[in-house]
Amino acid sequence: VLSRAAIRASVDASHAWLGGPGDWVLALPAYYIAGLMVIARACLGGTRVVPVRSDLSDLPGVGNALSAPRYISLVPAQLARALRHDDLIQSLRSFRAVLVGGGPAHGELLNRAATRGIRVVTSYGMSETCGGCVYDVTPLAGVDVELTDAGRIMIKSPSLFTSYRLRPDLTAAALTEGQFTTQDLGRWEVGRLVVL
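Because the structure is predicted, anything quoted here is derived from the model rather than measured.

## Some words on the nonpolar core
- One finds Leu18, Trp24, Leu99, Tyr124, Val145, Ile155 and Phe180 to be the most contacted residues of the largest nonpolar core, which totals 26 residues.
- For this core, the secondary-structure elements that each account for two or more residues are helix H1 (4-18), strand S1 (23-26), helix H2 (33-45), strand S4 (97-100), strand S5 (120-126), strand S6 (131-135) and strand S9 (152-156).
- Among the nonpolar cores identified, the runner-up in size contains 23 residues, and Val52, Leu74, Leu88 and Val98 belong to it.

## Remarks on unusual backbone geometry
- Cis geometry is adopted by the peptide bond preceding Pro69, which originates at Ala68 and carries an omega value of -5°.
- Among the structural elements, Pro69 can be located in the loop between strand S2 (49-51) and strand S3 (70-74).
- The phi torsion at Leu166 lies on the positive side, around 65°, for a residue other than glycine.
- Structurally, Leu166 is set in the loop between S9 and helix H6 (168-174).
- Backbone geometry at Glu177 places phi at a positive 50°, although glycine is not the residue there.
- Its location among the elements puts Glu177 in the loop between strand S10 (175-176) and strand S11 (179-189).
- Accessibility expressed as a relative area gives 76% for Glu177, which makes it exposed.

## Describing the pattern of salt bridges
- Considering all chains together, one arrives at 6 salt bridges under this definition.
- Among the ionic pairs, Glu189 bridges to Arg187, the shortest N-O distance being 2.6 Å.

## Considerations on the packing of aromatic side chains
- Overall, the coordinates contain 5 aromatic pairs when judged by the stated rule.
- Taken together, a centroid distance of 6.2 Å and an interplanar angle of 85° make the contact between Trp17 and Tyr135 edge-to-face. One end of the pair, Trp17, is in helix H1; the other, Tyr135, is in strand S6, with 118 residues separating them in the sequence.
- The exposure class of Trp17 is partly exposed, given its relative accessible area of 32%.
- A ring pair is formed by Phe161 and Phe180, whose centres lie 5.3 Å apart and whose planes are at 80°; its orientation type is edge-to-face. Here Phe161, found in the loop between S9 and H6, pairs with Phe180, found in strand S11; they are 19 residues apart in sequence, far enough to count as distant. Each of the two residues, Phe161 as well as Phe180, counts as buried.
- What links up through ring pairs into an aromatic cluster is the set Phe161, Tyr164 and Phe180.

## Examining H2
- For H2, which comprises 13 residues, the first-to-last C-alpha distance of 18 Å matches the rise-based estimate of 18 Å (1.5 Å per residue) to within 8%.
- All of the buried residues in H2 are Ile33, Gly35, Met37, Val38, Ala40, Arg41 and Ala42.

## A short note on the sheet that holds S1
- If you trace the 7 strands from one edge of the open sheet to the other, you get S2-S1-S3-S4-S5-S6-S7, paired in mixed fashion. Pairing within the sheet leaves two strands with one partner each, and these edge strands are S2 and strand S7 (138-139).
- The sheet contact formed by S4 and S5 spans 3 bridges and is parallel. Residue Val100 lies in a different strand from S5, and its bridge partner there is Thr122.

## Quick look at the pairing of S4
- The alternating pattern of S4 places Ala97 and Leu99 and Val98 and Val100 on opposite faces, both of which are buried.
- Sheet analysis places S3 next to S4, joined by 4 bridges and oriented parallel. When the sheet's bridge partners are listed, Ile72 is paired in S4 with Val98.
- The parallel pair S4 and S5, bridged by helix H5 (residues 107-115), forms a crossover whose chirality is right-handed.

Calculation criteria
Residues numbered from 1 in each chain as written. Predicted model: local features only at pLDDT ≥ 70, side-chain atom pairs only at ≥ 80, totals over all residues. Heavy atoms only, no water. Core = buried A, V, L, I, M, F, W, Y, C linked by side-chain atoms within 4.5 Å. Buried < 20%, exposed > 50% of the residue type's maximum accessible area, 1.4 Å probe, protein only. Helix = DSSP H or I, 4+ residues; strand = E, 2+ residues; numbered from the N terminus. Salt bridge = Lys/Arg side-chain N within 4 Å of Asp/Glu carboxyl O. Phe/Tyr/Trp six-rings, centres within 6.5 Å; stacked < 30°, edge-to-face > 60°. Expected span 1.5 Å × (residues − 1). Pairing = 2+ DSSP bridges. Right-handed = clockwise from strand over helix to strand, strands pointing away.

Below you can see the structure in the form of structure tokens.
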């Protein structure tokens with residue numbers, strides 16, 4: 001269960017990191033958190049959302065429908081496939097940020113995107129955090145990340161979920177005094193979170 005306040009906090013923190021609202025391309029399913037938050041960022045920012053196919057094949061045709069700044073959120077597999085097509089590379093260069101999350105974005109993929117002039121922002125988060133709450137391995141404003149002795153990632157944030165619907169047992173196990181203990185492992189490297 002995600003409250004209105006949590007979604008607003010996530011949107012505000014994302015806008016602060018990215019440099020403000022902008023038009024968004026929706027290339028992810030709207031019934032998953034990443035797609036839902038694309039829509040929320042546009043709605044709360046007073047900007048537009050333009051849907052495209054998940055393979056991005058129609059992305060080059062939407063440029064005229066978007067104002068700057070423009071953003072898109074992808075999973076690593078989408079970015080890897082896009083880097084095989086010159087027209088998609090050209091389109092992705094026009095975005096202020098290409099958020100990449102939902103799985104590991106390996107250095108080789110990020111380097112290939114950077115050498116082609118695409119500004120990738122890696123994103124870590126989950127449904128319980130209203131999507132990305134760590135951008136480019138740095139917690140967003142208002143997000144506090146700690147590690148347990150075993151290396152499990154714990155998150156405190158105004159964007160945290162309220163509960164697991166109809167599962168108070170799961171909620172009590174994961175959410176204690178406003179801190180969410182994830183199932184993910186991480187470590188700190190020079191003050192930056194590396195998700196293992």
